[in-house]
Amino acid sequence: DLIIRKKIIWYILLVLLGTLFHTSAIFLLPFILLAFVNWKINFSYVLFIGVLFLVPIFYINETINYIDFIASQYFNFYSDYVEESKIIDSVGLGFALNVLIYLIVIYYSQKEMDFANNILFKIAIISFLIIPLSFGVNLVGRLNFYLLPVMMAVFPLVFLKIKKSFARLVLVNIVVLF
């Protein structure tokens, strides 16, 4: 709500308050920038998002090493997460269903006109882009948990956009099963 209303100071204060409970909340600070980015999601952005999703997968070793370096240099209190980082060389049904759910969300985020809903969809897309990194760096996977409530807010918006009841039922079942 603070992002939508562009309450920068209150948002920063709330995130700083959150860091008193868990320091990783500091990574939520850049999300305030979404209040000032007013682009609508269209097909060209969806293609760009797809490329951004695939790059960390193809360069997973380099990406993990870079994140490990940054975390160990500047966030040494997360050294336990960095030491546990390892490349997962196979993914299963959970990964596939997770990606499918996000792709459906991204597909239905196109042509969203409401500013508040558009911000929710953008945060969901950021969460989608974090998925490949979360399989190699536990710290990044943990950060993605902060964005999970946004996905819960986006699902009803997507369900309302799906016109066919059978397709809606399939998506609800995939979400519930996952």
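Residues numbered from 1 in each chain as written. Predicted model: local features only at pLDDT ≥ 70, side-chain atom pairs only at ≥ 80, totals over all residues. Heavy atoms only, no water.

A.B. asks: For this particular structure, what's the right way to read the overall build of the protein chain?
C.D. replies: Looking only at helices and strands, the protein chain has eight helices and zero strands in total. For the protein chain, the sequential pattern of α-helices and β-strands runs α-α-α-α-α-α-α-α. Within the protein chain, the fraction of its 178 residues that count as buried is 38%. Expressed as a percentage of contacts within the protein chain between residues at least 6 apart in sequence, the contacts between residues at least 24 apart total 72%. (Helix = DSSP H or I, 4+ residues; strand = E, 2+ residues; numbered from the N terminus. Buried < 20%, exposed > 50% of the residue type's maximum accessible area, 1.4 Å probe, protein only. Contact = heavy atoms within 4.5 Å.)

A.B. asks: Sorry, what's going on with the environment of Ala35 here?
C.D. replies: For Ala35, the position within the fold is in the loop between helix 1 (8-19) and helix 2 (43-58). Owing to a relative accessible area of 1%, Ala35 belongs among the buried residues under this scheme. Along the sequence, Ala35 and Ile4 sit 31 residues apart, while their C-alpha atoms lie 5.9 Å from each other. Residues contacting Ala35, with those up to four places away along its chain left out, are Ile3, Lys6, Phe115 and Ile119.

A.B. asks: Could you clarify how one ought to interpret the packing of helix 5 (residues 93-109) against helix 6 (residues 115-134) in this entry?
C.D. replies: A packed helix pair is summarised by two numbers, namely the angle formed by the two axes and the spacing between the axes. Closest axis-to-axis distance for the helix 5/helix 6 pair is 10 Å, and the angle between their directions is 150°. Taken as axis vectors, helix 5 and helix 6 run roughly antiparallel relative to one another. The way helix 5 lies across helix 6 gives a crossing that is left-handed. Here Phe95, Asn98, Val99, Tyr102, Leu103, Val105, Ile106, Tyr108 and Ser109 of helix 5 lie close against helix 6, whose contacting residues are Phe121, Ala124, Ile125, Ser127, Phe128 and Ile131. The class makeup of the residues in the contact of helix 5 with helix 6 is 12 nonpolar, three polar and no charged. (Axes fitted to C-alpha atoms, helices over the stretch in contact; angles between N-to-C directions. Parallel < 35°, antiparallel > 145°, perpendicular 65-115°, else oblique. Left-handed = near helix turned anticlockwise from the far one by under 90°. Nonpolar A, V, L, I, M, F, W, Y, C, P; charged D, E, K, R; others polar.)

A.B. asks: Is there a simple way to explain the pattern of salt bridges in this structure?
C.D. replies: Working definition: two side chains of opposite charge can pair if their charged atoms are close together. Applying the stated criterion across every chain, the model contains one salt bridge. The residue Asp1 makes a salt bridge to Arg5 at a minimum N-O spacing of 3.0 Å. When its relative accessible area of 62% is taken as the criterion, Asp1 is described as exposed. (Salt bridge = Lys/Arg side-chain N within 4 Å of Asp/Glu carboxyl O.)

A.B. asks: How should I be thinking about unusual backbone geometry in this particular structure?
C.D. replies: Even without being glycine, Lys6 reaches a positive phi, approximately 60°. Note that Lys6 resides in the segment before helix 1. Residue classification places Lys6 among the partly exposed residues on the basis of a relative accessible area of 41%.

A.B. asks: Would you explain the packing of helix 5 against helix 8 (residues 165-177) in this entry?
C.D. replies: Between helix 5 and helix 8, the shortest axis-to-axis distance is 10 Å and the interhelical angle comes to 135°. Relative to helix 8, helix 5 is oriented oblique. Considering only the axes of helix 5 and helix 8, their crossing is left-handed. Where helix 5 abuts helix 8, its residues Leu97, Leu100, Ile101 and Ile104 lie against Leu171, Ile174 and Val175. A class-by-class count of the residues in the contact of helix 5 with helix 8 yields seven nonpolar, no polar and no charged.

A.B. asks: Would you mind showing me how to read the side chain of Asn118 here?
C.D. replies: With respect to the element layout, Asn118 can be found in helix 6. In this structure, Asn118 is in contact with Trp39, Lys40, Ile41 and Glu112, ignoring residues within four places of it in sequence.

A.B. asks: Sorry, what's going on with the confidence of the model for the protein chain here?
C.D. replies: Segments scoring low in pLDDT should not have their predicted coordinates read at a detailed level. Mean pLDDT over the protein chain stands at 80; residues scoring 70 or higher make up 87%. Within the protein chain, the lowest mean pLDDT, 59, falls on helix 4 (residues 79-83), and the highest, 93, falls on helix 1. (pLDDT = per-residue confidence, 0-100.)

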